[in-house]
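Spelled out, the chains give:
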Amino acid sequence: MTGPGAGEDTTGRADGTRTSGPPSPGAIDDAPLHMPNPHPAEPPNRTPGPTARTVESPEPDDTTTTGTGTWPRTGTGTGTGTDASPPVDDLVERRLHPVTPLRRAWAPVAVIVGWAVHDPDQAQRQLTRLTTTHLMIGLAVLIPAAALYGFLTWWFTHYAVTDTELRIRTGLLFRRTAHIRLERIQAIDVTQPLLARVAGVAKLKLDVIGTGKKDELAFLGADEASALRAELLARAAGFAPETAHEVGEAPARQLLRVPPGVLAVSLLLTGATWGTLLAAAVVPTLLWLATHNLWTVLATALPLVGAAGARSAGRFVGEYDWTVAESPDGLRIDHGLLDRAHETVPPGRVQTVRLVEPLLWRRRRWVRVELDVAGSSNSVLLPVAPRDVAEAVVARVLPGVVVPTGPELSRPPRRAARCRPLWWRGHGLAVTDAVFAARYGLLRRSLALVPHAKVQSVRLTQGPWRRALRLADVHVDTGANKTVTARLRDAEEAAELLRSQAERSRTGRRDAPPDRWMT
Amino acid sequence: METGSPDDTGTAGAARATRAAGAADRAEPAVPVRDEPVWTGLPPGLLHMRRLLLVVWLGLLTLAAGVLPALFLDPAWAALALLPLALMAWGWVMLGRNWRSWRYAERADDLLISRGVLWREETVVPYGRMQLVEVTSGPVERHFGLASVQLHTAAAATDATIPGLDPAEAERLRDRLTELGEARSAGL
């Protein structure tokens, strides 16, 4: 699966979890998430070093060795004792990167251009009436006004990191202060749109339930964004406040990198692409037979082909160079050809994982893995991967989970065929000691896994038709506002499942790691 | 397949063991947890209110359907009034069945709500997952001395509402749920 450039040992690790060979799965499982000290040689009580920001260290190899000497994180208990520096109370408020005011500079230009394109005659007439003096006056007023507005919004936007919160203070006339609690973070995204990459800046977004577009920090310098992400994660993980800004990035180990060739083939093999292409072939032919007008044919065919191409190309560009890595701070996902995105999902934040298997991928045993994190809009974990590798990655994301395979999933009883002919065979359910797994779909199969600890409520529903057939559906609601449903179960089994699943959901929470994952 | 019988699988057994260890300090007697829930129905106030509303609105409709066509068209058109009347009779029965189907049970660790006649739905919410408990009472409900309790978890799909409770009972339930939720609180 890994491309030519990807680290060799990572595939070995990903496979190792499956094959239970000499590098036993247990040893691998223990390694990253729960060991407080990954580098035993390092003294646990180190003095605060002078060069803390490892992100700025000139290490060329980015993904695997970001963290250097300062990494071995000591918990709150051990770290504080040696620190002579008193707890810092003064809040350092910081501003965004100075290019920030320019990020909306294109908007008025776009409006004018859009208007000119939309109504060329009118634009032409207005343009001829425009004298040089008018133009000069207009520019002399508009440019300083826009510049002043941009400057003021930038000037009045501050952010600060306290021991427990990220505070964002913004607004020129209407002040707005957001305090985002760090132990509640569900994910941190650092994204770099194309132009931002050119300018060397990045956006940082903290996903907490209820945050919106306003709560992202756009833009920060690229290095500053990574440093801030490392600091926020360190504080959220429960490090001593004094050391939090100098523990640096956690070392990441690459699990998987999707080669561009595989991604391209997988996109060609999706039903949507072929459906659109088929429509592009059939509809113009019919139109040609009906009208014999070349222009109508072209006018329908081109957008259809364009849509198929644009969607596939868009997904290819967005999912290019998809890299999944693992670190003590959780999962890292990096992707994008033009716009780069770096997502970090701390341990224990994943609410649901879905393995989607389109029909045309089945022969190659490829799957797409999606995940749900509360409050986050990102949903893809792996755009395409062989099933074994995907299962190994899922086992890392949800520790101790073995993905149930076909025979382990129990089908609905045969009488369910009268409720949903043919498609009833696609439904399946398995409950292991760690997850509730439900599958649906006949052609495009989708298997959803919910860890018991993430279940918020369990519901049983039964309409009149199902009741006549003694069937019922069991819904499991998760915190990411996703509901996983086991459909068409036998009524008695469903009632039992309802009770036992509520019980498991309650007890499953006991073994869950704490919110501050390094404590 | 473990789905049908979680009690005798190893997983649930282990969970039970840890549970028993954890529950030892709790004051509960060592009864098996799989007891039958003690269901509580709704007080009749809700049924009275709904039936009254039904009678008022459909009564007005019956009147309109009986009088207006008879005035403007032909007296025979007054037979149209039978339609809302039949609807009223049907609704009267349906409201009764629906009201009887609502019931809830407070168990040691979770709340059960069951409802629906044709479309049955049963919800289980562990107390630890409750994010907030809400007691609401609209103007009409207040007039009839009713209040509803609504439970919110982090999942918006959780639809756990108990309508038509006596206000005192609603407040007792709210306080008890809040208390239990605090004691068993768990994150996302």
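One can find the structure itself at the top, above this paragraph.
Residues numbered from 1 in each chain as written. Chains lettered and ligands numbered in written order. Predicted model: local features only at pLDDT ≥ 70, side-chain atom pairs only at ≥ 80, totals over all residues. Heavy atoms only, no water.

Asker: Even after reading the chapter, I still don't get the overall build of chain A, so can you show me in this structure?
Answerer: Tallying secondary structure elements over chain A gives 14 helices and 20 strands in all. Considering only contacts in chain A between residues 6 or more positions apart, those separated by 24 or more positions represent 58%. About 25,000 Å² of surface is accessible on chain A, with carbon and sulfur atoms providing 63% of the total. (Helix = DSSP H or I, 4+ residues; strand = E, 2+ residues; numbered from the N terminus. Contact = heavy atoms within 4.5 Å. Areas by Shrake-Rupley, 256 points an atom, 1.4 Å probe, with all protein chains shown as cover.)

Asker: Help me out: how do you make sense of the interface of chain A and chain B in this one?
Answerer: A common measure of how large an interface is: the accessible area buried when the components associate. Contact residues are listed per partner, giving 44 residues for chain A and 38 residues for chain B. Here chain A meets chain B over a buried area of about 3,400 Å², counting both sides, of which 51% is carbon and sulfur. Inspection of the chain A/chain B interface yields three salt bridges. The residue B:Glu121 makes a salt bridge to A:Arg459 at a minimum N-O spacing of 3.4 Å. Viewed at the interface, chain B and chain A are joined by 12 residue pairs in polar contact (both at pLDDT 80 or more). For the side of chain A that touches chain B, the secondary-structure elements that each account for two or more residues are strand 15 (428–431), strand 18 (455–462), helix 13 (464–468), strand 19 (471–478) and helix 14 (491–508) of chain A. Here the side of chain A that touches chain B takes 12 residues from helix 14 of chain A, the largest share from any one element. Its residues assigned to classes, the side of chain A that touches chain B shows 14 nonpolar, 16 polar and 14 charged. With five bridges connecting them, strand 18 of chain A and strand 4 (residues 120–126) of chain B associate as antiparallel partners. Following the sheet pairing, A:Val458 is matched in strand 4 of chain B by B:Val124. (Buried area = accessible area lost by both parts, 1.4 Å probe. Salt bridge = Lys/Arg side-chain N within 4 Å of Asp/Glu carboxyl O. Polar contact = N/O pair within 3.5 Å; in protein donor to acceptor, adjacent residues only side chain to side chain. Nonpolar A, V, L, I, M, F, W, Y, C, P; charged D, E, K, R; others polar. Pairing = 2+ DSSP bridges.)

Asker: Honestly, the nonpolar core in this entry has me stumped. Any pointers?
Answerer: Burial of nonpolar side chains together is a common tendency in soluble globular proteins. Residue and element names in this part refer to chain A. Counting residues in each nonpolar core, the largest one holds 41 residues, and the members touching the most others are Leu355, Val369, Leu381, Leu382 and Leu449. Lining this core are residues from two domains, each supplying at least three of them: domain 2 (260–319) and domain 3 (347–511). Setting aside anything within four residues of it in sequence, one finds Val369 in contact with Val353, Arg354, Leu355, Ser379, Val380, Leu381, Leu382, Ala390 and Val394. Membership of the second largest hydrophobic core comes to 29 residues, among which are Ile185, Ala234, Ala236 and Ala244. (Core = buried A, V, L, I, M, F, W, Y, C linked by side-chain atoms within 4.5 Å. Buried < 20%, exposed > 50% of the residue type's maximum accessible area, 1.4 Å probe, protein only. Domains from an automatic or database assignment.)

Asker: Please clarify how helix 5 (residues 167–183) of chain B should be interpreted in this entry.
Answerer: Given 3.6 residues per helical turn, the α-helix brings residues three or four places apart onto the same face. Residues and elements named next belong to chain B. Here helix 5 contains 17 residues, and its C-alpha end-to-end distance of 24 Å stays within 8% of the 24 Å for a straight helix at 1.5 Å per residue. Restricting attention to buried positions, one finds in helix 5 the residues Ala170, Leu173, Leu177, Leu180 and Gly181. Viewed along the axis of helix 5, the buried residues span an arc of 100 degrees, placing them on a single side of the element. Exposed positions of helix 5 whose direction lies more than 90 degrees from the buried face are Ala168, Glu179, Glu182 and Ala183. The elements touched by buried residues of helix 5 are strand 2 (103–106), strand 3 (110–115), strand 5 (130–136), strand 6 (147–153) and strand 7 (160–165). (Expected span 1.5 Å × (residues − 1). Arc of directions from axis to C-beta.)

Asker: Could you clarify how one ought to interpret the side chain of A:Arg368 in this entry?
Answerer: Residues and elements named next belong to chain A. Along the chain, the position of Arg368 falls in strand 13 (residues 366–373). With relative accessibility at 12%, the residue Arg368 sits in the buried group. Among the polar contacts made by the side chain of Arg368, one reaches the side chain of Glu370 at a distance of 3.2 Å. Apart from the residues lying within four places of it in its own chain, the contact partners of Arg368 are Arg315, Glu319, Arg354, Leu355, Val356, Trp361, Val380, Leu382 and Pro383.

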